[in-house]
Amino acid sequence: MGEEQRECVTGAGGYLASWVVKSLLLEGYVVHGTVRDPSNFSELVLERIFACYFPKLASFEFVLFSGDNKNAHLMKLEKASENLKLFKTDLLDYEGLCAAIDGCVGVFHIASPVPLRGSVINLQELMQPAITGTKNVLNACLKAKVKKVVVVSSTGAVVLNPNWPKDRSMDEECWSDLESCNAIQNWYCVAKTIAEREALEYVKRGELNIVTVCPSIIIGPLLQSTMNSSSLYFLKFLRDGCQSADNGVRAFVDVRDAAAAILLVYDKAEAEGRYILSSHEIGTQDLVKKLKSFYPNYNYPQSFNEVETKMNVSSVKLQNLGWKYRPLEETLVDAVNNYEETGALFITSSLEPRKSSIGRSHQVTSVKTCHVIAKSYT
Ligand SMILES: NC(=O)c1ccc[n+]([C@@H]2O[C@H](COP(=O)([O-])OP(=O)(O)OC[C@H]3O[C@@H](n4cnc5c(N)ncnc54)[C@H](OP(=O)(O)O)[C@@H]3O)[C@@H](O)[C@H]2O)c1
């Protein structure tokens, strides 16, 4: 690797992408990071402070000026001042993407809207950046003659497949079935499945060297000052104190192990196709039990309802490439310690519905309209 080798990371300020940027900088790469708004003030930092000092006011809408930039953490990373260059662009801005990707040897396409579970979504704001945005990134890669691309997909593009044999782990051959995703209105899975399939078409046509990775729920410490969807989901177990929670089994991966996997598939010339990226499967009750053993005093769910949710995904292909992951206990402890240090535990639930990374307009789209929009992408 030459010292001046340039790599582009889309959505550089996001949860996973920030760890990828950090690792690339430490490995000596020059990083071009795309961000939507370099001057975006971090509402959530303000809200944490507000929730902490003025808890009764925390659910009110307010706008304050903190002086903290949403992507400020990026420029504080080691070697960032010399080797990190931020480009302001949206996934729907092809020219902006071309400017960011020009001169890069590799591209890590990580940006994509990740809605909060249960939040109201605007389907166009989800589908367009995920699908058209991925095509824009890949077309910009073609134009810049990029040597290798890693596209971050999701186990959401894997697991919604009712026809997969029940007694077989879901591996890279398993794809989410779009009709099934549509039927349960899981538009995120629709978007990720279509985007990943489209990406792999570029490989079939011999146009680009692309590897895709499909992470399960990503948890672990945050580098950024804003909360992302999967961290908020995990945080709920610690502080919502609900009477009962469902005891579904879910798959998790540490954000640092996910970033390491992304760099691994990039570095390994033999990496090809898609890779499931998941390390631990655990039921909510057992997860809470583990958390309680380290942190007995949080506001955990009181009881658990048995549900059918099961996960059985296999990362054997990735492990055969050399990927290793840390114990779940380490992830849990590092995550909670990080939340305690940064104040993330003070975020109030009442703030969450408007925290969706795609929920800026809070526009309610009817289910019927969602089906029509989703169909137009299939
Ligand atoms: N977290 C998980 O559990 C999980 C699991 C499986 C797969 N993934 C995938 O991993 C990737 C990163 O997720 P994350 O958890 O790190 O989410 P995140 O922190 O919300 O980051 C998403 C990033 O995408 C950017 N983005 C969204 N819409 C965009 C648009 N129209 N144009 C440009 N950038 C846009 C966001 O930019 P702004 O900062 O400007 O909003 C943000 O930087 C996504 O592709 C996601 O689907 C995540």
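Because the structure is predicted, anything quoted here is derived from the model rather than measured. (Residues numbered from 1 in each chain as written. Predicted model: local features only at pLDDT ≥ 70, side-chain atom pairs only at ≥ 80, totals over all residues.)

1. Thoughts on the site of the ligand
Right, so step 1: Lining the immediate environment of the ligand, one finds 26 residues, of which G11, G14, S112, P129 and S230 sit closest.
Right, so step 2: Residue assignment for the shell around the ligand shows that the elements contributing at least two residues are α1 (15-26), α6 (123-143) and β7 (217-219).
Right, so step 3: It is α1 that provides the largest number of residues to the shell around the ligand, a total of three residues.
Right, so step 4: Grouping the amino acids of the shell around the ligand by side-chain chemistry returns 13 nonpolar, nine polar and four charged. (Near = placed C-beta within 6 Å. Helix = DSSP H or I, 4+ residues; strand = E, 2+ residues; numbered from the N terminus. Nonpolar A, V, L, I, M, F, W, Y, C, P; charged D, E, K, R; others polar.)

2. Let's talk about the environment of L222
Right, so step 1: Within the secondary structure, L222 sits in the loop between β7 and α9 (229-239).
Right, so step 2: Among the residues examined, L222 registers 21 C-beta atoms within 10 Å and is labelled buried.
Right, so step 3: With 204 residues separating them in the primary sequence, L222 and S18 have C-alpha atoms 8.6 Å apart.
Right, so step 4: If near-sequence neighbours (up to four positions away) are discounted, L222 is found in contact with Y15, S231, N338, T342 and A344. (Buried ≥ 20, exposed ≤ 12 C-beta atoms within 10 Å, placed from the backbone. Contact = placed C-beta atoms within 7 Å.)

3. Comments concerning the pairing of strand β9 (residues 249-254)
Right, so step 1: Within β9, five of the six residues are buried, which leaves the element mostly enclosed by the surrounding structure.
Right, so step 2: Pairing between β7 and β9: three bridges, direction parallel. Within the sheet, the bridge partner assigned to I219 lies in β9 and is D254.
Right, so step 3: Sheet topology places β9 next to strand β11 (residues 280-283); four bridges connect them, and they run antiparallel. Considered in β11, the bridge of A251 is made with E281. (Pairing = 2+ DSSP bridges.)

4. Side note on α6
Right, so step 1: With 21 residues, α6 should cover 30 Å at 1.5 Å per step; its first-to-last C-alpha distance of 29 Å lies within 8% of that length.
Right, so step 2: Of all the bends in α6, the greatest, near 30°, is centred on G133.
Right, so step 3: Where α6 ends, the next residue or the one after it, K145, has phi of about 55°, a positive value. (Expected span 1.5 Å × (residues − 1). Bend = angle between axes of the 7 residues up to and from the residue.)

5. Points about unusual backbone geometry
Right, so step 1: The backbone phi angle of K79 is positive, close to 70°, even though this residue is not glycine.
Right, so step 2: Residue position: K79 is located in the loop between α3 (72-75) and α4 (80-83).
Right, so step 3: Unlike most non-glycine residues, Q185 shows phi in positive territory, near 55°.
Right, so step 4: In this structure, Q185 sits in the loop between α7 (178-183) and α8 (187-204).

6. Here's the deal with the packing of α6 against α8
Right, so step 1: Between α6 and α8, the least distance of the axes is 9 Å, while the angle of their chain directions is 10°. Classified by the interaxial angle, the pair formed by α6 and α8 is roughly parallel. The segment α6 lies against α8, with L123, L126, M127, A130, I131, T134, K135 and L138 engaging W187, Y188, A191, K192, I194, A195, E198, A199 and Y202.
Right, so step 2: Looking at the contact of α6 with α8, its residues break down into 13 nonpolar, one polar and three charged. (Axes fitted to C-alpha atoms, helices over the stretch in contact; angles between N-to-C directions. Parallel < 35°, antiparallel > 145°, perpendicular 65-115°, else oblique.)

7. Examining the confidence of the model for the chain
Right, so step 1: For the chain, per-residue confidence averages 85 on the pLDDT scale, and residues scoring 70 or more make up 83% of the total.
Right, so step 2: Counting interchain partners and residues more than four positions distant, the pLDDT-below-50 stretch residues 41-67 has 41 contacts.
Right, so step 3: Low pLDDT, under 50, characterises residues 348-370; the stretch is placed with 45 contacts to residues that sit more than four places away or in other chains. (pLDDT = per-residue confidence, 0-100.)

8. So, the pairing of strand β1 (residues 6-9)
Right, so step 1: Examined bridge by bridge, β1 and strand β2 (residues 30-35) share four bridges and lie parallel to one another. Along β2, the bridge assignment pairs E7 with V31.
Right, so step 2: Handedness of the crossover joining β1 and β2 through α1 is recorded here as right-handed.
Right, so step 3: Here β1 pairs with strand β4 (residues 106-109) via three bridges, running parallel. Bridge assignment links C8 to a residue of β4, and that residue is V107. (Right-handed = clockwise from strand over helix to strand, strands pointing away.)

9. Quick notes on the nonpolar core
Right, so step 1: Ranked by size, the top nonpolar core spans 96 residues in total, and within it L16, V20, V21, A191 and I262 carry the most contacts.
Right, so step 2: If we skip the residues at most four places from it in the chain, L16 touches I110, V152, I218, V255, A258 and A259. (Core = buried A, V, L, I, M, F, W, Y, C linked by C-beta atoms within 7 Å.)

10. Here's the deal with the sheet that holds β7
Right, so step 1: Across the sheet, which stays open at both edges, the three strands sit in the order β7-β9-β11 with mixed pairing between neighbours. Edge positions in the sheet fall to β7 and β11, since each of these pairs with one other strand and no more. Taking each pair of neighbouring strands and ignoring which way they run, the sheet shows an average axis angle of 45°.

11. Some points on the sheet that holds strand β6 (residues 210-215)
Right, so step 1: Here we have seven strands laid out as an open sheet, ordered β3-β2-β1-β4-β5-β6-β10, and parallel in their pairing. The strands lining the two open edges of the sheet, one partner per strand, are β3 (84-88) and β10 (273-277). Going across the sheet, the axis of each strand differs from the next one's by a mean of 20°, ignoring polarity.
Right, so step 2: Each of β4 and β5 (148-152) is contacted by α6, which is oriented at about 175° to β4, the strand it contacts most.

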